[in-house]
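# Geometric and topological summary
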Amino acid sequence: MPIASARRAREAPPPALRRMRLVATGLLVFMAAVFLASRQLAPIHPGWGFVQAFSEAAMVGGLADWFAVTALFRHPLGVPIPHTAIVPRNKDRIGDTLAQFLRDNFLIPVVIARRMRRLDVAAAIVRWLTDPPTAAGGRFRQGASKLVAQVLEGLDPARLGGMVKSGLANWLRRIELSPITGQLLKAAIAEGRHRPLIEGAIAWAGRALASNDELIRAMVHERAGSILRWTGLDETVANKLIDGLDRLLADMVEDAEHPLRIKLDEGLDRLAWDLQYDPETRARIEGLKAELVANPAMQRWMDGLWEQARGRLLSIARDPEAAMAGQIGDMLRQIGDTLRGDVRLARSINRFVRRTAVGTAAAYGDGIVRLVSETVRGWDAGTITSRLENAVGRDLQYIRVNGTLVGGLVGLAIHSIDVLL
């Protein structure tokens, strides 16, 4: 019952259409009353003849346009006159024509590409990210955020999370990490960005040596012979070993050209080459990646990552102004400023949006056409009649009013010519 009530409310004529119907019908009735009155008064004074001619022709024009407007949507007075009720009788053809019109004029990749060239999506993103929220912008942001929140809350969290996790896992499986890692490592070596990491590793080794000197002494003592232990030379060997390692690590920290550091650089450079070009190394990295993605701990981490992201998105959607005022807002504004000054990035964004729109039209254009055609075919005659009449009926009632007035003026002109002649 609520669905039927909502449908009747949606298909009921809007108030503006009802008012125009009353105006057009009232004008026609008024012209009929004027005609009857002027016909009785015409013998009294010749001037009433002009009124009678105007009202008579106005009735004819109004009735003709009433018939024409009514015949579009239904049989006039319920009489099945041929070539009336045009819309309900041809609703399937209307749907097919509308769908084909969309296909030929809007969903052609060439047309979409030409229209998308006029749109500067990157500039719109910059304005949205950097400009302070005006009243209109605030309403737009609130409306868009409310829609996002409703979508996030309405979708099944477990199913949506599974889709996100599956998509992330598939992306990780598709991407080949070894060449990317090798390229990053090679670039870091070329720019010397690996040196702080090496120095940090050497410093960590020095701290580990200092904190475990007793363990080293115990190992030397256990492995030394009985003579060394009896003479106490094992302690001397341990001290020499620890002091030598300390001096070696200190020299490596101070001397960037130390032989061992050069060996480390050569090893990292070789590793960067192997990651990019050695089949065995690449296969080994891919195997490790596959094991990592399939690891239950990795799956739980991705679940937690999605829950955190979903919660953060919901908080932003529920209160977008607060989000824009915080750290996220600062980050978004910084992104907007960067995009404003980077012409190449803005061009790339516009190109991506244009290609996405063209690709969507090419891939789903036929499906959209079928959806429109099948939707219209699925409507009953009363539904499509009501919706079309509600959409254009007010203008059609203006046609009735204009037909009444124009008909009256034509009748008045003809009567004036007869009087003059």
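In this text the structure is predicted, and so the values were computed from the model without any measurement.

Cut-offs applied
- Residues numbered from 1 in each chain as written.
- Predicted model: local features only at pLDDT ≥ 70, side-chain atom pairs only at ≥ 80, totals over all residues.
- Heavy atoms only, no water.
- pLDDT = per-residue confidence, 0-100.
- Contact = heavy atoms within 4.5 Å.
- Patch = residues over 30% accessible without salt bridge, like charges linked within 9 Å, V, L, I, M, F, W, Y side chains within 5 Å.
- Areas by Shrake-Rupley, 256 points an atom, 1.4 Å probe, with all protein chains shown as cover.
- Salt bridge = Lys/Arg side-chain N within 4 Å of Asp/Glu carboxyl O.
- Helix = DSSP H or I, 4+ residues; strand = E, 2+ residues; numbered from the N terminus.
- Lys, Arg positive; Asp, Glu negative; His and termini not counted.
- Charge placed at Lys NZ, Arg CZ, Asp CG, Glu CD.
- Buried < 20%, exposed > 50% of the residue type's maximum accessible area, 1.4 Å probe, protein only.
- Polar contact = N/O pair within 3.5 Å; in protein donor to acceptor, adjacent residues only side chain to side chain.
- Phe/Tyr/Trp six-rings, centres within 6.5 Å; stacked < 30°, edge-to-face > 60°.
- Core = buried A, V, L, I, M, F, W, Y, C linked by side-chain atoms within 4.5 Å.

Residue-level pLDDT values for the protein average 76, and 81% of them are 70 or greater. In the predicted structure, residues 1-7 sits below a pLDDT of 50 and forms one contact with residues beyond four places in sequence or in another chain.

A cluster of nonpolar side chains, namely Ile44, Trp48 and Val51, defines an oily patch on the protein surface of about 280 Å² accessible area. The topology assignment puts Ile44 in the loop between helix 2 (15-41) and helix 3 (47-73).

Attention now moves to a positive patch on the surface. Taken together, Arg114, Arg115, Arg117 and Arg118 make up a surface patch of like positive charges. Structurally, Arg118 can be placed in the loop between helix 6 (109-116) and helix 7 (121-130). Since its relative accessible area comes to 64%, Arg118 is described here as exposed.

Residues of helix 6 that are buried include every one of Val111, Ile112, Ala113 and Met116, and no others. The inward-facing, buried residues of helix 6 abut helix 5 (91-105) and helix 20 (343-378).

The next point concerns the environment of Pro76. For Pro76, the location among the structural elements is in the loop between helix 3 and helix 4 (86-89). Spatially, the C-alpha atom of Pro76 lies 8.8 Å from that of Trp66, the residues being 10 residues apart in sequence. Residues contacting Pro76, with those up to four places away along its chain left out, are Trp66, Phe67, Thr70, Ala71 and Thr84.

Examined against the element boundaries, Gly26 turns out to sit in helix 2. Looking at Gly26, the relative accessible area reads 37%, which means it is partly exposed. When the C-alpha atoms of Gly26 and Val401 are compared, they prove to be 9.7 Å apart, with 375 residues separating the residues in sequence.

Scanning the entire structure with this criterion turns up four salt bridges. Notably, a salt bridge pairs Glu199 with Arg261, separated by 3.6 Å at the nearest N-O pair. Highlighted residues: Glu199 in helix 11 (residues 195-211) and Arg261 in helix 15 (residues 259-277), separated in sequence by 62 residues. The class of Arg261 is buried, set by a relative accessible area of 3%.

With respect to the element layout, Thr70 can be found in helix 3. Its relative accessible area of 12% is what places Thr70 among the buried residues. Between the alpha carbons of Thr70 and Leu396 there is a distance of 9.4 Å; along the sequence they are 326 residues apart. There is a polar contact of 2.7 Å between the side chain of Thr70 and the backbone oxygen of Trp66.

Turning our attention to the packing of aromatic side chains. What the rule picks out here adds up to one aromatic pair. The interplanar angle of 50° and the centroid separation of 5.4 Å between the aromatic rings of Trp273 and Tyr277 together place this pair among those described as tilted. Taken together, the residues Trp273 and Tyr277, both in helix 15 and four residues apart, mark about one turn of the helix. By relative accessible area, Tyr277 is classed as partly exposed at 47%.

In this structure, Ser178 sits in helix 10 (residues 177-190). With relative accessibility at 0%, the residue Ser178 sits in the buried group. Among residues more than four places away in sequence, those in contact with Ser178 are Leu275, Arg282, Ile285 and Glu286.

Tracing the backbone through its elements, the reader meets Lys289 in helix 16 (residues 279-294). Apart from the residues lying within four places of it in its own chain, the contact partners of Lys289 are Leu172, Arg173, Ile175, Glu176 and Leu177.

We now examine a negative patch on the surface. Together, Asp251, Glu254, Asp255 and Glu257 line one region of the surface with negative charge. By the element assignment, Asp251 lies in helix 14 (residues 233-254). For Asp251, a relative accessible area of 38% gives the class partly exposed.

What follows deals with the nonpolar core. In this structure, Met20, Ala24, Leu27, Met31, Phe35, Ala58, Met59 and Val401 together form the largest nonpolar core, which totals eight residues. For this core, the secondary structure elements donating two or more residues are helix 2 and helix 3. Looking at which element gives the most residues to this core, the answer is helix 2, with five residues. Beyond its immediate stretch of four places on either side in the chain, Ala58 contacts Met31, Thr404, Gly407 and Gly408. Core analysis: the next-biggest nonpolar cluster, separate from the first, contains seven residues, Ile198, Ile216, Ile242 and Leu249 among them.

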